[in-house]
Amino acid sequence: MPDKLEKYLSKRNFDRSKEPKGGSKKKSLRPIFVVQKHNARNLHYDFRLEIDGVLASWAVLKGPSLNPSDKRLAMPTEDHPLEYAEFEGTIPEDEYGGGQVIVWDAGEYRRLKEESMEKMLGSGKIEIELMGEKLKGGFTLIRMSGRDQWLLIKMKDEQASEEDILNNRPESVLSGKKVEDFE
Ligand code: MN
């Protein structure tokens, strides 16, 4: 198990939460991304990118947007195991992150720059193309200078639009369920 998951593991009680413990080998050829809608104390969307064997993660408070003029605040959170990309259900209320989780969008992604994802992550500017069901096309994740806060911004391309994708497509791409469907 990679050390990267230490923080993830230390925050959770796996006797109580059905969240994955991690440790399995990777299956897909191309790297994946997932966006999980998480109805915790504050509703947010967890944006996760497969980088170096784990899911690098950000909590996007207002959720992703297809509109390039929206700059969505993305707070970095602990790396999650790859298996987390398929997790949905209810985390018990008194546990870390208690609340309902659905897989709001998922798919593969590709880099739009020569440099490695590790390098982009380190330099604070990630440029990728998402191939999800709802999120498609170029996206930039950029770290604000001097802060541990990032912005998630849609690039201006053919997939950019003003559609309110969060409200128009609230359902899970895995099960079709909405967060409200879980107790
Ligand atoms: Mn979350």
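For the structure, see preceding data.
Residues numbered from 1 in each chain as written. Predicted model: local features only at pLDDT ≥ 70, side-chain atom pairs only at ≥ 80, totals over all residues. Heavy atoms only, no water.

### Observations concerning the packing of aromatic side chains
Per the counting criterion, the structure on display carries 7 aromatic pairs. Of the aromatic side chains, those joined through ring pairs into one cluster are Tyr8, Phe14, Tyr84 and Phe87. Just above the ring of Phe139 sits the side chain of Lys154; from NZ or CZ to the centre is 5.0 Å. (Phe/Tyr/Trp six-rings, centres within 6.5 Å; stacked < 30°, edge-to-face > 60°. Lys NZ or Arg CZ within 6 Å of the ring centre and 35° of its normal.)

### With respect to the pattern of salt bridges
Considering all chains together, one arrives at 14 salt bridges under this definition. Residue Lys4 pairs with Asp52 through a salt bridge whose shortest N-O separation is 3.2 Å. One end of the pair, Lys4, is in the segment before helix 1 (6-10); the other, Asp52, is in the loop between strand 2 (43-51) and strand 3 (54-60), with 48 residues separating them in the sequence. Notably, a salt bridge pairs Glu133 with Arg169, separated by 3.9 Å at the nearest N-O pair. Here Glu133 is found in the loop between strand 7 (125-132) and strand 8 (136-143), whereas its partner Arg169 is found in the segment after helix 3 (165-168), with 36 residues between them in sequence. Relative accessible area serves as the criterion here: at 26%, Arg169 is assigned to the partly exposed category. (Salt bridge = Lys/Arg side-chain N within 4 Å of Asp/Glu carboxyl O. Helix = DSSP H or I, 4+ residues; strand = E, 2+ residues; numbered from the N terminus. Buried < 20%, exposed > 50% of the residue type's maximum accessible area, 1.4 Å probe, protein only.)

### Quick notes on the environment of Glu183
Looking at the secondary structure, you find Glu183 in the segment after helix 3. Ignoring sequence-local partners within four residues, the contact set of Glu183 consists of Thr90 and Gln100. (Contact = heavy atoms within 4.5 Å.)

### Thoughts on the pairing of strand 8
On a regular strand, one side chain projects to one face of the sheet and the next to the other, so that they alternate. Here 7 bridges tie strand 7 to strand 8, and the two strands are oriented antiparallel to one another. The partner of Ile128 across the bridge, within strand 8, is Phe139. Direction of pairing for strand 8 relative to strand 9 (residues 150-154): antiparallel, over a ladder of 5 bridges. Bridge pairing in strand 9 links Thr140 to Ile153. (Pairing = 2+ DSSP bridges.)

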